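Breakdown of the fold
One-letter residues, chain by chain:
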Amino acid sequence: MLLSRKIVPRTLAGIASRAYSADGNRNYDIVVVGGGIVGTASAREILLRHPALRIAIVEKEPKLAFHQSGHNSGVIHAGIYYKPGSLKAKLCVEGLHLSYKYLDEKSIPYKKVGKLIVATNPVEVERLNDLYQRSLANNVPDVQVVDQAKIKEIEPYCQGLKAIWSPHTGIVDWGLVTQYYGRDFKAAGGDVYINFKVAKFSEAPDNLDYPIVVRSEKGDEIRARHILTCGGLQSDKIAEMTGCSAVPKIVPFRGEYLLLNPDKCHMVRGNIYPVPDPRFPFLGVHFTPRMDGSVWLGPNAVLAFRREGYKWSDINVPELIDALRFPGFIKMASKFVGAGMMEIARSALIPLQVRELQKFIPDIHEYDVARGPAGVRAQALDNDGNLVDDFVFDHGTGESVLSKNILHCRNAPSPGATSSLSIAKMIADKIEHEFHIGK
C-alpha cells in the first residue's frame, strides 16, 4: 500500500539565503513580502515566467518556511473535503499532481502512505457517504469506500464501520520543499533577504522607476515597482500598513500534537482521519506518520496567546488583547464555547486526547504518548465570527502608489502547502493582470 521515493540524505548547499543582493543593486520590479511556502512558490513562478524581471523575497526570520510552512502535519492532501466546483477543490487536486511531479523531478523524499477517513458510528457513516460523493465530484484520484475488513487490511490496528480510502494522500517535509522552491528562485536570478522584518512601506519621491520604499525594522531599504505580500500570520498587519481594512483579522490558533511511543509506531501505517463534524470549525484529532518514522497524534485547536505562540507560555499581551477584543473572535468563541473549553481541557489533560484516539485504535494508552510539537494556524475571521474559507486579495484605498502597486494575499486557506504550486500559478496570473506584466 505504501509507495515512497528512496530517502537519501539531502545536502542543501546553496539554499541558505543571503541578506543582500548579489550585485548590490536593491531596485526590483517585484518584491514579495513573506518567505513561507505560498510567497516563495509565487516568487518562483513569476520569475520562471518572466526571467528578465528583478524579483526579491523579504523574510523577517532567519530562514524560509520558519512558521506555518515549517510547522504543519506534512500531509499531501488529495482534495476530498472541499466543496465541489470551489477554487479550493480545484487548486488542491491540481496541486496534488503538481507536487508529486515536482518532488520526483527534484528527488525530494516523500511517502505515498494513503489516508483512511474512518466512520465509527452510524451518524458518521451517513456523513462519510456524502463526503465520498464530494470526493468523486472533485475528481480525487482512485478514492473508494471500504468496509471493516478492508480497513483492517489497510490499517490492522484501526477499527471502524466504514471508511474512505485515498491511496494518493502522502507525506513530505513541506519546510524542505519550500527551501527547494527558494533554490529554484535564486538559481533563476532572484534575491532573498532574510532577517528583514518590514516596518514600513513609503513612496519614493526621488525615484519614479522604483516608487516604493520597503524599510525594515533595522533601517535597511530596498525599492520596488510592485509589491506582493504573503504574510501568513502577519498578513492583516502588513495589509494595514498600506491603508487596508483590519478585516479579515488573523486570529492565531495553536494545534498541539502528541507523539506516539516509537515502540507503537508500527500500529499506524498511513494517515487516519475522523469524519468531519459540520457543527465545528476544526477537523479533530488524527494520526499522521512523519518522514522520520515518528507518528504525530492530534492536533487540538486552542487560541495562541501570540501570533507565533507555540506553547502556553508564549504570550504577547498587545497581540492577545487585539485578538480577544475583536468582535469576530468574541462571536466565534460564544458560538463554540463548549467545544472551545473541551479543546483547552484536552490540551491540559492528555487522557482526554487519548480517549479520542482510542475510537480508532483502542490499543493506544496514555503511557504510549508524550507531548510533541505544535503549529500555529493563521485563521482569518470576519466581523461576524465566520472562518474565512476562501482566498482574499486586497489593495489599499485611493490612487496612491502604495494602493495601486501593492497586492496583498491576505488569506490562502488550507491546504496551502499541497496547493502551493497551483496557488502560485493563480497568483502569477493575478500579478500579470493587476500590474500589466508581460503585456
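Everything below is about the structure printed above this text.
Because the structure is predicted, anything quoted here is derived from the model rather than measured.

For side chains bearing opposite charge, pairing can occur when the charged atoms are close. Throughout the structure, instances matching the rule amount to 33 salt bridges. The residue K90 makes a salt bridge to E94 at a minimum N-O spacing of 3.4 Å. Residue K90 and its partner E94 are located together in helix α2 (residues 87–106), separated by 4 residues, close to a single helical turn. Look at K90 and you get exposed, because its relative accessible area is 51%. What makes E94 partly exposed here is its relative accessible area of 28%. Across the salt bridge formed by D384 and K331, the nearest N and O atoms sit 3.6 Å from each other. Here K331 lies in helix α8 (residues 327–335) and D384 lies in the loop between β19 (369–381) and β20 (392–394), a separation of 53 residues in the sequence. For K331, a relative accessible area of 42% puts it in the partly exposed group. Beyond isolated ion pairs, a larger network of salt bridges with shared partners links D236, K237, E240, K249, R307 and D322.

Before going further, it helps to spend a moment on the packing of aromatic side chains. Applying the stated criterion across every chain, the model contains 9 aromatic pairs. A ring pair is formed by Y100 and Y110, whose centres lie 5.2 Å apart and whose planes are at 55°; its orientation type is tilted. One end of the pair, Y100, is in helix α2; the other, Y110, is in strand β5 (residues 110–112), with 10 residues separating them in the sequence. Accessibility assignment for this pair places Y100 and Y110 in one class, buried. Aromatic pair Y193 and F196: ring centres 6.1 Å apart, planes at 65°, arrangement edge-to-face. For the residue pair Y193 and F196, the accessibility class agrees, reading buried in each case. Here the aromatic residues Y28, Y193 and F196 are joined through ring pairs into a cluster of three or more. The cationic tip of K112 hangs over the ring face of Y100; the distance from NZ or CZ to the ring centre is 4.3 Å. Seen from the ring of W296, R290 lies directly overhead, with NZ or CZ sitting 3.7 Å from the centre.

This part covers the packing of α2 against helix α12 (residues 420–435). In a packed pair of helices, the relevant descriptors are the angle between the two axes and the axis-to-axis distance. Close contact between α2 and α12 brings their axes to 6 Å; oriented N to C, the two are set at 115°. In this structure, α2 uses L87, L91, E94, G95, L98, S99 and Y102 to contact α12, whose residues at the interface are L421, S422, I423, K425 and M426. For the contact of α2 with α12, the class distribution of residues is 7 nonpolar, 3 polar and 2 charged.

With that out of the way, let us pick up the layout of surface pockets. The computed volume of the second largest pocket comes to approximately 200 Å³. Every residue lining the second largest pocket is counted, 16 residues in all, and those nearest its centre are E256, Y257, S347, R371 and G372. Elements that contribute at least two residues to the lining of the second largest pocket include exactly β14 (249–260), α9 (337–348), α10 (350–357) and β19.

Cut-offs used in this document
Residues numbered from 1 in each chain as written. Predicted model: local features only at pLDDT ≥ 70, side-chain atom pairs only at ≥ 80, totals over all residues. Heavy atoms only, no water. Salt bridge = Lys/Arg side-chain N within 4 Å of Asp/Glu carboxyl O. Helix = DSSP H or I, 4+ residues; strand = E, 2+ residues; numbered from the N terminus. Buried < 20%, exposed > 50% of the residue type's maximum accessible area, 1.4 Å probe, protein only. Phe/Tyr/Trp six-rings, centres within 6.5 Å; stacked < 30°, edge-to-face > 60°. Lys NZ or Arg CZ within 6 Å of the ring centre and 35° of its normal. Axes fitted to C-alpha atoms, helices over the stretch in contact; angles between N-to-C directions. Contact = heavy atoms within 4.5 Å. Nonpolar A, V, L, I, M, F, W, Y, C, P; charged D, E, K, R; others polar. 1 Å grid on protein atoms, 1.4 Å probe; cavity = no way out; pocket = protein on both sides within 12 Å on 5 of 7 lines; lining within 4 Å. Points joined across faces, edges and corners; volume = space filled by probe spheres on them.

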